[in-house]
Amino acid sequence: MKVFCSCAITGGMSVPGQSAAIPVTPDEIVESAVAANAAGAAIVHIHVRDPETGRPSADLGLFREVLTRIGERCDAIVQPTTGGGVGMTIDERARVVTELRPQMATFNCGSFNFGIFKVRPRPEMAPWEVEYLQGTRDYVFRNTFADMARLAELFREAGAKPEYEAYDVGHLYNLRHLADEGLVDLPLHLQFVLGVLGANAATLEQLVHMHRTATTLFGSDFTWSAAGVGYPAEFHLAAAALMMGGHVRVGLEDNLRVTMDRRAASNAELVEKAMTLAPLLDREPVGAAQAREILGIA
Ligand code: KMH
Ligand code: ZN
């Protein structure tokens, strides 16, 4: 059975002082995405950062540059986030879809607390980074039903394939509601993102629970992938997804370690480690062309 890997290149919540490996500038993000694709990632999931400070950004010009340059260099499915930035409207967040017209983008399936304040301050961090991390004690990642309905409409108009990010079981019920309202098209592609403080845990039990709930709600009308946040969750969920017939997401957005005592030097290193497991578990790693077929975006 075929399996593809998605790599979340830089993230929209972390700060650059957490690891020197996190790509910041457009050059770094493009190079890291191209290398991740060469290492076996069919999808590269993209956020952008202020090139001067490394602060997460939602600047459309930066997205345009990064998406264009990755597209010129490799055949990866280039999947921008629609997570946006604090205070942006859903139409503003969707501009990466409506104006840049990617084949695929993320679609977040509910509002929840997104706390990264437990990340320990490091000497490498600028004062704003420490403040930013602490600020997430009071941060809600907003994706209301009105937001999701509007976003679904904009995805349809743009002809982009959503990757539905489900961080908790309730998000799957939100999605069932959107499907019942005729706002989303089946089959779905689900990403179970587990391990965010404020949502579900990155345990085998919860991954099985998410998968079982998705099956109850959507039958066999979905493909899915798992993303474990943190170490060793990233690789534990990759192994479990390989065993359960799912696809795999890794990347510096979700995890900064390659082993318990070694920080990852690159996204490519994380992709290589995860996809080394695939043939051992009788899964056949495939690249972007076959991932497009599996996802129906050929
Ligand atoms: N910006 C984060 C709160 C996505 O990429 O679609 C969530 C996020 C999701 O990173
Ligand atoms: Zn993301």
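Each remark here, short or long, concerns the structure printed above.
For clarity, every value in this text was computed on a predicted model and none was experimentally measured. (Residues numbered from 1 in each chain as written. Chains lettered and ligands numbered in written order. Predicted model: local features only at pLDDT ≥ 70, side-chain atom pairs only at ≥ 80, totals over all residues. Heavy atoms only, no water.)

Engineer: Summarise the overall build of the protein chain; cite the residues concerned and give the values.
Structural biologist: Broken down by element type, the protein chain carries eleven helices and 16 strands. The C-alpha atoms of the protein chain give 17 Å as radius of gyration, which agrees with the globular expectation for 298 residues (19 Å, within 12%). A principal-axis box enclosing the C-alpha atoms of the protein chain has dimensions of 50 × 45 × 40 Å. Relative to its 298 residues, the protein chain shows a buried fraction of 55%. A fraction of 75% describes how many contacts in the protein chain between residues 6 or more apart in sequence connect residues 24 or more apart. A total of about 12,300 Å² of accessible surface is found on the protein chain, and carbon and sulfur atoms cover 52% of it. Computed over 26 positive and 36 negative side-chain charges, the inter-centroid distance for the protein chain is 3 Å. (Helix = DSSP H or I, 4+ residues; strand = E, 2+ residues; numbered from the N terminus. Rg over C-alpha atoms; globule rule 2.2 N^0.38 Å. Buried < 20%, exposed > 50% of the residue type's maximum accessible area, 1.4 Å probe, protein only. Contact = heavy atoms within 4.5 Å. Areas by Shrake-Rupley, 256 points an atom, 1.4 Å probe, with all protein chains shown as cover. Lys, Arg positive; Asp, Glu negative; His and termini not counted. Charge placed at Lys NZ, Arg CZ, Asp CG, Glu CD.)

Engineer: If you had to explain the coordination of the zinc ion (ligand 2) to someone new, which residues and values would you point to?
Structural biologist: Taken together, His-45 (NE2), His-47 (NE2) and Glu-253 (OE) make up the full set of protein donors to the zinc ion (ligand 2), lying 2.1 to 2.2 Å away. Coordination at the zinc ion (ligand 2) is irregular, judged from the four donor atoms that bind it and the angles of 88 to 140° they form at the metal. The exposure class of His-47 is buried, given its relative accessible area of 11%. (Donors = N, O, S within 2.8 Å, 3.2 Å for Na, K, Ca; no water. Tetrahedral: all angles 85-135°; square planar, octahedral: opposite > 155°, others 65-115°.)

Engineer: Describe the packing of helix H8 (residues 204–218) against helix H9 (residues 233–244), listing the residues and the values that go with them.
Structural biologist: Contact pair H8 / H9: the axes reach a minimum separation of 10 Å and the direction vectors enclose 40°. The angle between H8 and H9 places the two elements in the oblique class. Viewed along their axes, H8 and H9 form a crossing whose handedness is right-handed. In contact with Leu-204, Leu-207, Val-208 and His-211 of H8, H9 contributes His-236, Leu-237, Ala-240, Ala-241 and Met-244. Considered class by class, the residues forming the contact of H8 with H9 number seven nonpolar, two polar and no charged. (Axes fitted to C-alpha atoms, helices over the stretch in contact; angles between N-to-C directions. Parallel < 35°, antiparallel > 145°, perpendicular 65-115°, else oblique. Left-handed = near helix turned anticlockwise from the far one by under 90°. Nonpolar A, V, L, I, M, F, W, Y, C, P; charged D, E, K, R; others polar.)

Engineer: Can you lay out the site of ligand 1 for me, pointing to particular residues and giving the numbers?
Structural biologist: As a structural note, the neighbourhood of ligand 1 is formed by Met-13, His-45, His-47, Thr-81, Thr-106, Asn-108, Phe-114, Tyr-139, Phe-141, Tyr-167 and Glu-253. Side-chain polar atom of His-45 to an oxygen atom of ligand 1: 3.1 Å apart, as the coordinates give it. Take Glu-253: an N or O atom from its side chain is 3.3 Å from an oxygen atom of ligand 1. Calculation on ligand 1 without its partners gives an accessible area of 300 Å², and the protein chains cover 97% of this total. Its residues assigned to classes, the shell around ligand 1 comprises five nonpolar, five polar and one charged. (Near = heavy atom within 4 Å. Polar contact = N/O pair within 3.5 Å; in protein donor to acceptor, adjacent residues only side chain to side chain.)

Engineer: Tell me about the packing of aromatic side chains, and please be specific about residues and values.
Structural biologist: Enumeration according to the criterion identifies ten aromatic pairs in this entry. Relative to Trp-224, the ring of Phe-192 has its centre 5.5 Å away and its plane inclined at 35°; by these criteria the two rings are tilted. In this pair, Phe-192 is assigned in strand E11 (residues 188–194) and Trp-224 in strand E12 (residues 222–228), connecting sequence segments 32 residues apart. Like Trp-224, Phe-192 is buried. (Phe/Tyr/Trp six-rings, centres within 6.5 Å; stacked < 30°, edge-to-face > 60°.)

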